[in-house]
Amino acid sequence: MSTTYRLGVLEGDGIGPEIVPSSVEIATAAVTAAGASIDWVTLPLGASAIETHGTPVPDETRTALADLDGWYLGPHDSVSYPEPHKSALNPSGTLRKHFQLFANIRPAKSFPGARAVCDSADLVIVRENTEGFYADRNTFAGTGEFMPTENTAIMLGIITREATERVARVAFDLARSRRKKVTIVHKANVLKLTTGLFRTVCQEVAQEYPDVTVDDFHIDAMTVHLVRRAQDFDVIVTENMFGDILSDLAGEISGSLGTAPSINASDTTAMAQASHGSAPDIAGQNIANPVAMILSGAMLFEWLGAQHGDAAIGRAGKIIEAGVAATIESGVSTRDLGGSASTSKFTSAVVKAIRNGAGQN
């Protein structure tokens, strides 16, 4: 019998209150089809939490999340928050840092029927999530950025052996379940000590995985390789900022950022989070593409299945993926993918595909 998992629901801002409920509705159908069980726990976060709790990430939310198996995080629009919240670490960064969600895992897979630059892309970017060239994740207190004079700004960029080893193992373990190839991305020809250490440690970890093929590229060359031959890559591992840039590029190559899912994981918990932003310009219009959020939930279920040895919850993730793929292939999609379906119509179509047996053969 599958475990009952308790998962948080944090809708966030902008289109979050549309795409997160869509994802939960589809996940509930998939969980039922797979014979698994979920208890959903709705928690405050974002602009609405500022109004009700005086902060975008209330203490009660952090406390509750610590007792859950994982959660769905909707997009945030922190640039629109009032000060001092606008200048503080955003909700996503706050939760990643607080829970040490060190691995950001972002697949880029082309969908039949979607408008992809590369119709056969199927890769995963594993991004180190706690340090590197994102200064706000490098310090115990403060952002890691400072200005010694009004005309000089300095940002910390930190690479450590410990953080690199643990994210490298995530990448190599993932490669073993896929096509057994890892590409290390760095800039060791110029940033010799920092990204040089990242490359070296990843290569050392590779010795523990003799069955996995390894290569490496500089970040500038890697952008060209992704555009020209995305289909040749399997698992890409890199530092924080490089991973952020490459995953957005890969998402667009495979169809749209609207289809780009991700999870942020530690050894004990994971957060499902779409790679795109909150799209406030289309919020409330029932036209947002929920695919990235839906598939982020599927990734969370597959992660839970692997962590807990639970075939049922892992199968629910596969059912979600199959339902989305079947729906898009049938010609039902939102306008950013060339279709005309509303968010709610697309959601209903995926639920129907799941109830009709998608992914359950």
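Up top is the structure.
First, a word on what this report is: a plain description of the structure on this page. (Residues numbered from 1 in each chain as written. Predicted model: local features only at pLDDT ≥ 70, side-chain atom pairs only at ≥ 80, totals over all residues. Heavy atoms only, no water.)

Read from one edge to the other, the open sheet built from 10 strands follows the order 2-1-3-12-11-4-5-10-8-9, with strand pairing classed as mixed. Only two strands of the sheet have a single neighbouring strand rather than two, namely strand 2 (37-42) and strand 9 (213-218). Neighbour to neighbour, the strand axes of the sheet diverge by 25 degrees on average, direction disregarded. As paired strands, strand 5 (residues 122-128) and strand 10 (residues 235-238) are joined by 4 bridges and run parallel to one another. Each bridged residue has a counterpart across the sheet, and for I125 the counterpart in strand 10 is I236. (Pairing = 2+ DSSP bridges. Helix = DSSP H or I, 4+ residues; strand = E, 2+ residues; numbered from the N terminus. Axes fitted to C-alpha atoms, helices over the stretch in contact; angles between N-to-C directions.)

Another aspect to go through is the packing of aromatic side chains. Overall, the coordinates contain 5 aromatic pairs when judged by the stated rule. Here the aromatic rings of F172 and Y209 are separated by 5.1 Å at their centres, their planes lie at 25 degrees, and the arrangement is stacked. Pair noted here: F172 is in helix 5 (residues 161-176) and Y209 is in the loop between helix 6 (194-206) and strand 9, with a separation of 37 residues, a long-range link. Take F172: its relative accessible area is 0%, and that puts it in the buried class. The positively charged end of K181 is found above the aromatic ring belonging to F233, 5.7 Å away from the centroid. (Phe/Tyr/Trp six-rings, centres within 6.5 Å; stacked < 30°, edge-to-face > 60°. Buried < 20%, exposed > 50% of the residue type's maximum accessible area, 1.4 Å probe, protein only. Lys NZ or Arg CZ within 6 Å of the ring centre and 35° of its normal.)

Here E302 is to be found in helix 9 (residues 291-308). Put simply, E302 and E165 are 137 residues apart on the chain and 23 Å apart in space, counted from C-alpha to C-alpha. Excluding anything up to four places from it in sequence, E302 contacts G314, G317, K318 and E321. (Contact = heavy atoms within 4.5 Å.)

A separate point is the packing of helix 9 against helix 10 (residues 311-329). Two numbers describe how helix 9 lies on helix 10: the axes approach to 6 Å, and their chain directions differ by 155 degrees. Viewed along their axes, helix 9 and helix 10 adopt a mutual orientation that is roughly antiparallel. Like other packed secondary-structure pairs, helix 9 and helix 10 cross with a definite hand, here left-handed. Counted together, V291, I294, L295, A298, F301, E302, L304 and G305 of helix 9 and I313, G314, A316, G317, K318, I320, E321, V324 and I328 of helix 10 form the full contact between these two elements. Residues of the contact of helix 9 with helix 10, tallied by class, amount to 11 nonpolar, 3 polar and 3 charged. (Parallel < 35°, antiparallel > 145°, perpendicular 65-115°, else oblique. Left-handed = near helix turned anticlockwise from the far one by under 90°. Nonpolar A, V, L, I, M, F, W, Y, C, P; charged D, E, K, R; others polar.)

Time to look at the side chain of E18. Locating E18 in the fold gives a position in helix 1 (residues 16-34). Buried and without a salt bridge, E18 has R335 as its closest oppositely charged side chain, separated by 11 Å. Among the polar contacts made by the side chain of E18, one reaches the main-chain amide nitrogen of G284 at a distance of 2.6 Å. A polar atom in the side chain of E18 sits 3.0 Å from the backbone nitrogen of N286. Here E18 is in contact with I282, A283, G284, Q285, N286, I287 and T343, once residues within four sequence places are set aside. (Lys, Arg positive; Asp, Glu negative; His and termini not counted. Salt bridge = Lys/Arg side-chain N within 4 Å of Asp/Glu carboxyl O. Polar contact = N/O pair within 3.5 Å; in protein donor to acceptor, adjacent residues only side chain to side chain.)

We now examine helix 7 (residues 219-229). For helix 7, every residue scored as buried is listed here: I219, M222 and L226. One side of helix 7 carries all its buried residues, which in axial view fall inside an arc of 45 degrees. Those residues of helix 7 hidden inside the fold are in contact with strand 5, strand 8 (181-186), strand 9, strand 10 and helix 8 (240-253). (Arc of directions from axis to C-beta.)

To describe two helices that pack against each other, one gives the angle between their axes and the distance between the axes. Remark: helix 1 packs on helix 10, axes separated minimally by 8 Å, with the N-to-C direction vectors making an angle of 130 degrees. What the angle tells us is that helix 1 and helix 10 run oblique. For helix 1 against helix 10, the interelement crossing comes out right-handed. Packed against helix 1, whose contacting residues are I26, A27, A30, V31, A33 and A34, the element helix 10 presents A312, I313, R315, A316, I319 and I320 at the interface. Looking at the contact of helix 1 with helix 10, its residues break down into 11 nonpolar, no polar and 1 charged.

What follows deals with the pattern of salt bridges. Inspection of every chain in the model, using the stated rule, returns 15 salt bridges. When the shortest N-O distance is used, the salt bridge between D248 and R106 registers 3.5 Å. A residue pair is termed long-range when its members are at least 10 positions apart, and D248 in helix 8 and R106 in strand 4 (residues 103-109) qualify at 142 residues. Accessibility expressed as a relative area gives 29% for D248, which makes it partly exposed. Judged by relative accessible area, which is 7%, R106 ranks as buried. The salt bridge involving R178 is made with D234; its shortest N-O contact spans 2.7 Å. Taken together, the positions of R178 in the loop between helix 5 and strand 8 and D234 in the loop between helix 7 and strand 10 put the pair 56 residues apart, joining distant regions of the chain. For D234, a relative accessible area of 1% translates into the label buried.

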